[in-house]
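Reading the structure
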Amino acid sequence: MKVAAILLLCMALFHQGHSNSCQGRCGYGIDTSYSCQCNTACERYNDCCSDYYTLCKEAALSCNGRCGESYNSQNPCHCNSLCSQYNNCCSDYSTLCNAGDSGATITDAEIKSLSETLFALDTNKASASELILDPQALVADSQTSSKSDLSSRPLYKFVDENALFTRPTYAALLNLFDNYKRITGQAESFTSQQLTEQETFLKETMLNTELGRELFAFLYTKGVYKSEAEFIEDLKNMWFGLYSRYNGAMDSSGFEHIFAGEIKGGKVSGFHNWIRFYLLEKRGELNYYSHSFNGPWSNYPDVLGLQFHWDGYYKQVGSAVIGCSPEFDLALYSLCYIARPGKYCYLSLGGKQLIIQTYTWDNSSYGNGKKYIASAYPVSM
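So, here's what we can say about the structure. (Residues numbered from 1 in each chain as written. Predicted model: local features only at pLDDT ≥ 70, side-chain atom pairs only at ≥ 80, totals over all residues. Heavy atoms only, no water.)

1. A look at the pairing of strand E8 (residues 344–349)
Relative to strand E9 (residues 352–366), E8 runs antiparallel, the two sharing six bridges. Its bridge partner lying in E9, Cys345 is registered against Ile356. The turn linking E8 back onto E9 is made up of two residues, and Gly350 within it adopts a positive phi angle of 60 degrees. (Pairing = 2+ DSSP bridges. Helix = DSSP H or I, 4+ residues; strand = E, 2+ residues; numbered from the N terminus.)

2. Quick notes on the sheet that holds strand E10 (residues 370–378)
If you trace the three strands from one edge of the open sheet to the other, you get E8-E9-E10, paired in antiparallel fashion. Each having just a single partner strand, E8 and E10 make up the two edges of the open sheet. With strand direction ignored, the average angle separating the axes of adjacent strands in the sheet is 35 degrees. When E9 meets E10, the two strands line up antiparallel, connected through seven bridges. Residue pairing across strands places Thr358 opposite Ala376, the latter belonging to E10. (Axes fitted to C-alpha atoms, helices over the stretch in contact; angles between N-to-C directions.)

3. Details of the layout of surface pockets
Estimates place the volume of the largest pocket at around 360 Å³. Lining the largest pocket are 17 residues, with Cys26, Leu55, Arg66, Glu69 and Asn75 sitting closest to its centre. The class makeup of the residues in the lining of the largest pocket is seven nonpolar, seven polar and three charged. (1 Å grid on protein atoms, 1.4 Å probe; cavity = no way out; pocket = protein on both sides within 12 Å on 5 of 7 lines; lining within 4 Å. Points joined across faces, edges and corners; volume = space filled by probe spheres on them. Nonpolar A, V, L, I, M, F, W, Y, C, P; charged D, E, K, R; others polar.)

4. Regarding helix H13 (residues 274–282)
Most of H13 is tucked away: eight of the nine residues are buried. For H13, the side-chain oxygen to backbone nitrogen distance between the N-cap and Ile275 is 3.2 Å, and the N-cap itself is Asn273. Directly beyond the C-terminal end of H13, a positive phi value near 80 degrees is found at Gly284. (Buried < 20%, exposed > 50% of the residue type's maximum accessible area, 1.4 Å probe, protein only. Polar contact = N/O pair within 3.5 Å; in protein donor to acceptor, adjacent residues only side chain to side chain.)

5. A look at the state of the cysteines
In the structure shown here, the tally under the stated rule is six disulfides. Paired by a disulfide, Cys36 and Cys49 hold their sulfur atoms 1.9 Å apart. In this structure the cystine formed by Cys36 and Cys49 twists about its S-S bond by roughly 90 degrees; its chirality is therefore right-handed. With Cys36 in the loop between helix H1 (2–18) and helix H2 (41–45) and Cys49 in the loop between H2 and helix H3 (52–60), the pair connects residues that are 13 residues apart, well separated along the chain. What makes Cys36 buried here is its relative accessible area of 7%. Left unpaired, Cys324 is separated from the closest cysteine sulfur, that of Cys336, by 13 Å. (Disulfide = S-S within 2.5 Å.)

6. A look at unusual backbone geometry
The omega angle of the peptide bond from Tyr300 to Pro301 is 0 degrees, so this bond is cis rather than trans. Within the secondary structure, Pro301 is located in the loop between strand E5 (286–294) and strand E6 (302–310). Even without being a glycine, Gln136 presents a positive backbone phi close to 55 degrees. By secondary structure assignment, the location of Gln136 is in the loop between strand E1 (131–133) and strand E2 (156–159). Residue Gln136 is classed as partly exposed on the basis of its relative accessible area of 25%. Backbone geometry at Lys147 places phi at a positive 55 degrees, although glycine is not the residue there. Mapped onto the elements of the fold, Lys147 is located in the loop between E1 and E2.

That is the geometry; function is a separate question.
Next up, the structure:
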């Protein structure tokens, strides 16, 4: 009895000292042993502690001091490794916690440093003699919706196909473009040969180039992947796994949307690859109208924001990294999706800033709740 009495006395003293504060209590359920409460219900019942708004409301919207905390359903936003998957991170999560879906710590400085390394390693990019553009009309952002053809000539004046398209990574990419139906709502299906082409593309770009191996080495040291096999398997699911954009049909993937382009709702959706653009323009299926953005780079890769008409459908702004190799495109988008899913990803190429925006596909998942890539593109503004 004496022990029990002592415990009750200690609890009473503890409650007495903390009964008027939310210190350590934010988000917890109603506890009538306290004189005031520290959850959202207290706002309705007017029984919040005096420091509730300072400790629970303001602090609850920030990850300051909360990185890696356990999930609490009462919190309006979260600061653990799963919040990116559920799209409920606090706005300063990537800045303060610097974590991707894997839970690995990847800082903005590391992303910028790695992007500079990948930029230097892109030996398969087009040279000024292998790729010549004719950009013609430059329009203001306010004019991109006008659907006006202001350029009488094609965007691509010359592409040295013999020099570029015979390289293994380019050849592997070219093999994939005719594997897709561009209209959403039409289910995709792949032959064994087409599935092999997907694997070949990933292996040629990520395992058989120094650039791809550099990306893997970085993610390996950060604990994101334990082996090359795991790396390739995750990229295969992330990029080529099918999901439904329209009417329940398994009609889309990250690769199709970003590299090949789709038609949804009567307009072009996705389509952020310069090689795809060139090939369709060459065949007369794509008509270049104008550009609304031209990046600061004087050589390749460069970034353009394009307006064009694709065989009956318009794209108001289709941004793309121009003149880069397929492995560079895939590496940048994959890095940003892994490290900053659903957010701006700040890169540095030749000392100049490039921002990549990625989006997660939130309606279905693969593996242990991992999300497919929905979109990724260079921010053109």
